[in-house]
Amino acid sequence: MKTQIPIKSTILALMALFFMISLFMSCKETKLIQAKSGAQLWSENCQRCHNTPSPTSFSQEQWKTIGLHMQSRALLTNPERDKIVSFLQSAN
Ligand code: HEC
C-alpha cells in the first residue's frame, strides 16, 4: 500500500514554520535596534555626509526638526530617529 503525504497539511505546516521564522527574525532585529543607544546611533549615522555638529549647536526644537529632515537622508526608522534626537537634546 502506498503512503500518501497529505499535501494540504504539509503546506500548512510549512507556512506556519515560515511565519514563526519571520516572527523570530523581526524580534531579533527589534532587539538589535533597542540595544543601540542614541549616542551610538548618532555616531554611526550622522557623520557619513558631514561632520556631526555638536549637540549644543542647536536648540531642542531645532533638533526635533533636524531629526525629521535627516531621518530621510540617513534612512533611519522612527525609533532610531527618536533615540538620536533625545540623545542630542539630553546632551544639549
Ligand atoms: C545622506 C547624507 C546625510 C546624512 C546621513 C545625514 N545628513 Fe545631515 N545634512 C546633509 C545635507 C546634504 C545637509 C545640508 C542640506 C540640508 O540642510 O538639507 C545636512 C545638514 C544637516 C544639519 C544642518 C547644518 C547647518 O549648519 O545648518 C544638521 C544639524 C544635520 N545635517 C544633522 C544630521 C544628523 C543629526 C544626522 C543623523 C541623524 C545627519 N545629519 C545625517 C546630509 C546628511
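The rules we used
Residues numbered from 1 in each chain as written. Predicted model: local features only at pLDDT ≥ 70, side-chain atom pairs only at ≥ 80, totals over all residues. Helix = DSSP H or I, 4+ residues; strand = E, 2+ residues; numbered from the N terminus. Buried ≥ 20, exposed ≤ 12 C-beta atoms within 10 Å, placed from the backbone. Contact = placed C-beta atoms within 7 Å. Near = placed C-beta within 6 Å. Nonpolar A, V, L, I, M, F, W, Y, C, P; charged D, E, K, R; others polar. Axes fitted to C-alpha atoms, helices over the stretch in contact; angles between N-to-C directions. Parallel < 35°, antiparallel > 145°, perpendicular 65-115°, else oblique. pLDDT = per-residue confidence, 0-100. Expected span 1.5 Å × (residues − 1).

## Examining the overall build of the protein
Helix and strand content of the protein: 4 helices and 0 strands. Traced from its N-terminal end to its C-terminal end, the protein shows the element sequence α-α-α-α. Across the 92 residues of the protein, 11% fall into the buried class. Residue pairs at least 24 apart in sequence account for 75% of intrachain contacts in the protein once pairs closer than 6 positions are excluded.

## Thoughts on the site of the ligand
Taken together, 13 residues are adjacent to the ligand, and Cys46, Cys49, Met70, Arg73 and Ala74 come closest. The element contributing the most residues to the shell around the ligand is helix H3 (residues 60-74), with 5 residues. Classifying every residue of the shell around the ligand gives 8 nonpolar, 3 polar and 2 charged.

## Examining unusual backbone geometry
Where the residue is not glycine, phi is negative for most of them; where a peptide bond is considered, it is trans in most cases. Phi at leucine 75 is positive, roughly 55°, even though this residue is not glycine. By the secondary structure assignment, leucine 75 is in the loop between H3 and helix H4 (78-90). On the neighbour-count criterion, leucine 75 (9 C-beta atoms within 10 Å) is exposed.

## So, the packing of helix H2 (residues 38-45) against H4
Where H2 contacts H4, the axes come no closer than 8 Å and their chain directions differ by 105°. Viewed along their axes, H2 and H4 adopt a mutual orientation that is roughly perpendicular. Taking contact as the criterion, the partners of Gly38, Ala39, Leu41 and Trp42 in H2 are, on H4, Glu80, Lys83, Ile84, Ser86, Phe87 and Leu88. Broken down by class, the residue content of the contact of H2 with H4 amounts to 6 nonpolar, 2 polar and 2 charged.

## Considerations on the confidence of the model for the protein
Residues at a pLDDT of 70 or more form 88% of the protein, whose mean pLDDT is 87. Confidence scores differ between elements of the protein, with helix H1 (residues 7-35) showing the lowest mean pLDDT of 78 and H3 the highest of 96.

## A few points about H4
Given a rise of 1.5 Å per residue, 13 residues ought to cover 18 Å, and the 18 Å separating the end C-alpha atoms of H4 matches this to within 8%. Of the residues making up H4, those classed as buried are Glu80, Arg81, Lys83, Ile84, Val85 and Leu88.

## What about the environment of phenylalanine 87?
Summarising the element assignment, phenylalanine 87 is placed in helix H4. Since 19 C-beta atoms lie within 10 Å of it, phenylalanine 87 is described here as partly exposed. Along the sequence, phenylalanine 87 and proline 55 sit 32 residues apart, while their C-alpha atoms lie 8.4 Å from each other.

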